[in-house]
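Coordinate inspection notes
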Amino acid sequence: MHKYFFLIIFSSISVWGNDAVSNKELLAKIELISNRVKQLEQRIQSVEKENNQLRKEIVKSTQTDASKLTDLAQILPSDPDQKKSFLDKLRFEINSNADKASGPWVNPENWKKMRKRMSYYEVRKVLGTPTRIKPSVKPNIEQIYYYSGDLNADGSQEEGTVNFSDKRVVSFESPFG
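Fair warning: this is a prediction, and the values are worked out from it, not measured in the lab.

1. Comments concerning the overall build of the protein
The helix and strand tally for the protein stands at six helices and four strands. The secondary structure elements of the protein, listed N-terminal to C-terminal, are α-α-α-α-α-α-β-β-β-β. In the protein, buried positions account for 22% of the 177 residues. Intrachain contacts of the protein at a sequence separation of at least 6 include 42% that bridge at least 24 residues. Counting every atom, the protein has about 13,800 Å² of accessible surface; 56% of that belongs to carbon and sulfur.

Put into structure tokens, the structure is as follows:
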């Protein structure tokens, strides 16, 4: 705001030195500057109002409703055997969800796309990165891709294998049977 008044005073001083500017023109310029300052003040007020509303929404969204929180004691069974079983099932489910997200190999349709003579690249394109890669002790197989994980949350690992010889698939076994 002070800048504008300085600008007005400075422009009026420079106008005094110039006889060609009339008072009418000077008043018109001051009126334009004054209108512009009012517009800017209105914009600042609207931005500040919007900022305050956003702050309130952020505070509201970060607060948790205590009535929605459930006490752990209400979820867990009181019997130690049931509690252990519940926690085991929960652990299996969490691990299974992580395994299901480990790549395209968890989809049975992708195993149907597998063919003999596919390259390493083609297998990875269809099934994704294997969970393990090991050299084989069998003379006709040089490398084995293992795809394993607990896909049905029962605690046992399902495993698919892809066998390579001369950098090509010679056999494979789906984890889905």
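2. With respect to the confidence of the model for the protein
Scored by pLDDT, the protein has a mean of 83; 83% of the residues are at 70 or more. Mean pLDDT values for the elements of the protein range from 57 in helix H1 (residues 2-16) up to 95 in strand E4 (residues 168-173).

3. Quick word on the side chain of Thr161
Along the chain, Thr161 turns up in strand E3 (residues 158-165). Not counting the four nearest positions on each side in its chain, Thr161 is found in contact with Trp111, Ile144, Tyr145, Tyr146, Phe172 and Glu173.

4. Digging into the pattern of salt bridges
One pass over the structure, following the stated rule, counts five salt bridges. Linking Arg168 and Glu122 is a salt bridge whose minimum nitrogen-to-oxygen distance equals 3.8 Å. Here Arg168 is found in strand E4, whereas its partner Glu122 is found in helix H6 (residues 120-127), with 46 residues between them in sequence. By relative accessible area, which is 34% here, Glu122 ends up partly exposed. Each of Lys84, Asp88 and Arg91 takes part in a single network of salt bridges with overlapping partners.

5. Here we look at the sheet that holds E3
Strand order in this open sheet of four strands is E1-E2-E3-E4, and the pairing throughout is antiparallel. The sheet is open, and its two edges are formed by strand E1 (132-135) and E4, each paired on a single side. For this sheet, the mean angle separating the axes of adjacent strands, direction not counted, is 20°. Here E3 runs beside E4; their pairing, made up of five bridges, is antiparallel. Bridged to Val162 within E4 is Phe172. Of the strands in this sheet, E1, strand E2 (143-149), E3 and E4 are in contact with H6, which crosses E2 at around 5°.

Rules used throughout
Residues numbered from 1 in each chain as written. Predicted model: local features only at pLDDT ≥ 70, side-chain atom pairs only at ≥ 80, totals over all residues. Heavy atoms only, no water. Helix = DSSP H or I, 4+ residues; strand = E, 2+ residues; numbered from the N terminus. Buried < 20%, exposed > 50% of the residue type's maximum accessible area, 1.4 Å probe, protein only. Contact = heavy atoms within 4.5 Å. Areas by Shrake-Rupley, 256 points an atom, 1.4 Å probe, with all protein chains shown as cover. pLDDT = per-residue confidence, 0-100. Salt bridge = Lys/Arg side-chain N within 4 Å of Asp/Glu carboxyl O. Pairing = 2+ DSSP bridges. Axes fitted to C-alpha atoms, helices over the stretch in contact; angles between N-to-C directions.

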